[in-house]
Amino acid sequence: MKECKLYDMGSSGPKFTWRGGMYHGGQRIYERLDRALGNEEWKLLLPDSFVKVLPRVNFSDQHPIMVSLNRDYYVNGGRQFRFESAWLVEHDYTSRVKGLWKNGEDIMSNLDRIKCDAKEWKKWNGDRNTRYYHIKDVNRRRRNNIQMLQDNDGNWIDKPKELRELVNNFYKDLFKISSIGSGRFQSKLTYPPLHDEELNKLNDNVTELEIKSVVFSMQPWKAPGPDGFPAGFYQRSWNMVGNSVVALVRQV
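From a predicted model like this one, the values you see are computed outputs, not experimental measurements.

Caption draft 1: Geometry of the overall build of the protein chain. Of the regular secondary structure elements, the protein chain holds 9 helices and 8 strands. Looking at the protein chain alone, contacts between residues at least 24 apart form 58% of all its contacts between residues at least 6 apart. On the protein chain, roughly 18300 Å² of surface is accessible, and the fraction owed to carbon and sulfur atoms is 53%.

Right under this line is the structure:
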C-alpha cells in the first residue's frame, strides 16, 4: 500500500468483515479482511465518498462492503471555526493580530474580528496551496461526519432522519432526571475548618501571573474551546492578547 501510495479508506458499520467457524465450545475468530483503498487523486475527486460494511447474509461468512460516492448518508453539522497552527509561522502574523486586537474592547469582539480576518487569510493561503488545504479539509470533514450508528438492538442506522432521532433519544435518556437514588443524605466525612488567613487568600483577586501560568500550562494544540481558538493561540500571542484574557478572568 505504501509503495503504491494508497491508503485504507476505513469503513462504517460492523468492525469485522469475516467470521470463522465455531471451535472450542462455540468461539469464533473475527477479522477485517475486506477493505477499500484510495489515493490522493481519489480523495480530491470524490471527497465525500465513504465505505459502508453491509449486513452479512446467512449463507456467507463475509460482510459485503459498498463504496458510496456521495454524501446522501451523511449527517453533516455546521462548520465551526478552527484556528490553524500554520498561521503562526506566516511572516505577517504578529502585525495582523496587533492591528486587529483592541485592548479597550471585550475579548469576544476581538476574537470575532480575528475569525473574520482568518477566513480571508485561509482563502488566500488556500489559493497558494490548493492541493494541501483541500486534502486537509477533506480529512477533517471525514473525521467529523457521522455515517452510521448502532442502536440498542444492534441494528446499524444510516438514514439521516433516523440518525438524528437516535442521537437525540440517546442524550435525552442520558440526562433525564431519575427519582431513584436522588434523595439527600448526610456524609460521615468531616473537613477541618479554614482559618481566617486561608479564607482571606480565597477572597484575593487572581493575579496576572497566576492566570498566565494556567494558560501556559495547557497543551497548546489540544481540543480548542467553543470559540475555536486553542491555548496555543493565546500562548503565542500573549503580549498582544494577555491583558484582555486577564480582564475576562477577573470578571468571572
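Following the structure, the description resumes.
Caption draft 2: Region of the structure containing the packing of aromatic side chains. Going through the model one piece at a time under the given rule, you end up with 13 aromatic pairs. Relative to W87, the ring of F83 has its centre 5.2 Å away and its plane inclined at 90 degrees; by these criteria the two rings are edge-to-face. Both residues of the pair, F83 and W87, belong to the buried class. On the basis of an interplanar angle of 75 degrees and a centroid distance of 5.1 Å, the ring pair of F233 and Y234 is categorised as edge-to-face. Grouping residues by exposure puts F233 and Y234 together as buried.

Caption draft 3: Structural view of the nonpolar core. Ranked by size, the top nonpolar core spans 23 residues in total, and within it F83, F229, F233 and Y234 carry the most contacts. Listing elements by their share of this core, those giving two or more residues are α2 (93-100), α3 (107-128), α7 (208-217), α8 (231-236) and α9 (238-251). Not counting residues within four places of it along the chain, the set of residues in contact with Y234 comprises I107, L111, V215, D227, F229, V241 and V245.

Caption draft 4: Here's a closer look at the pairing of strand β5 (residues 50-53). Both faces of β5 are covered, namely the face carrying F50 and K52 and the face carrying V51 and V53. Examined bridge by bridge, β5 and strand β6 (residues 65-68) share 4 bridges and lie antiparallel to one another. Bridged to V53 within β6 is I65.

Caption draft 5: The arrangement of the environment of V97 in detail. Its location among the elements puts V97 in helix α2. Overall, the relative accessible area of 3% leaves V97 in the buried class. Taking the C-alpha atoms as reference points, V97 and M240, 143 residues apart in sequence, are found 7.7 Å from one another. In this structure V97 touches I114 and M240, once residues within four positions along its chain are discounted.

Caption draft 6: Spatial organisation of the side chain of D227. Along the polypeptide, D227 turns up in the loop between α7 and α8. Here D227 is buried and forms no salt bridge, its nearest opposite-charge partner K115 lying at an N-O distance of 6.2 Å. In this structure the side chain of D227 is engaged in a polar contact, spanning 3.1 Å, whose partner is the side chain of Y234.

Caption draft 7: Representation of the pattern of salt bridges in the model. Enumeration over the complete set of coordinates arrives at 7 salt bridges. A salt bridge links D8 to R35; its shortest N-O distance comes to 3.1 Å. Taken together, the positions of D8 in strand β1 (residues 7-8) and R35 in the loop between β3 (30-31) and β4 (37-38) put the pair 27 residues apart, joining distant regions of the chain. When the shortest N-O distance is used, the salt bridge between K159 and D158 registers 3.2 Å. Residue classification places K159 among the partly exposed residues on the basis of a relative accessible area of 42%. By relative accessible area, which is 8% here, D158 ends up buried. Each of the salt bridges in this network shares a partner with another, and the network as a whole consists of D8, R32 and R35.

Caption draft 8: View of unusual backbone geometry. In the Ramachandran plot, K5 falls in the positive-phi region, its phi being about 60 degrees despite a non-glycine side chain. Looking at the secondary structure, you find K5 in the segment before β1.

Caption draft 9: Looking closely at a nonpolar patch on the surface. A cluster of nonpolar side chains, contributed by F170, Y171, L174 and F175, occupies part of the molecular surface with about 480 Å² of accessible area. Here F170 is to be found in helix α5 (residues 160-175).

Caption draft 10: Representation of the confidence of the model for the protein chain. The pLDDT averaged across the protein chain works out to 83; a share of 88% of its residues lies at or above 70. For the protein chain, the element scoring lowest by mean pLDDT is helix α4 (residues 130-144), at 69; α7 scores highest, at 95.

Criteria and thresholds
Residues numbered from 1 in each chain as written. Predicted model: local features only at pLDDT ≥ 70, side-chain atom pairs only at ≥ 80, totals over all residues. Heavy atoms only, no water. Helix = DSSP H or I, 4+ residues; strand = E, 2+ residues; numbered from the N terminus. Contact = heavy atoms within 4.5 Å. Areas by Shrake-Rupley, 256 points an atom, 1.4 Å probe, with all protein chains shown as cover. Phe/Tyr/Trp six-rings, centres within 6.5 Å; stacked < 30°, edge-to-face > 60°. Buried < 20%, exposed > 50% of the residue type's maximum accessible area, 1.4 Å probe, protein only. Core = buried A, V, L, I, M, F, W, Y, C linked by side-chain atoms within 4.5 Å. Pairing = 2+ DSSP bridges. Lys, Arg positive; Asp, Glu negative; His and termini not counted. Salt bridge = Lys/Arg side-chain N within 4 Å of Asp/Glu carboxyl O. Polar contact = N/O pair within 3.5 Å; in protein donor to acceptor, adjacent residues only side chain to side chain. Patch = residues over 30% accessible without salt bridge, like charges linked within 9 Å, V, L, I, M, F, W, Y side chains within 5 Å. pLDDT = per-residue confidence, 0-100.

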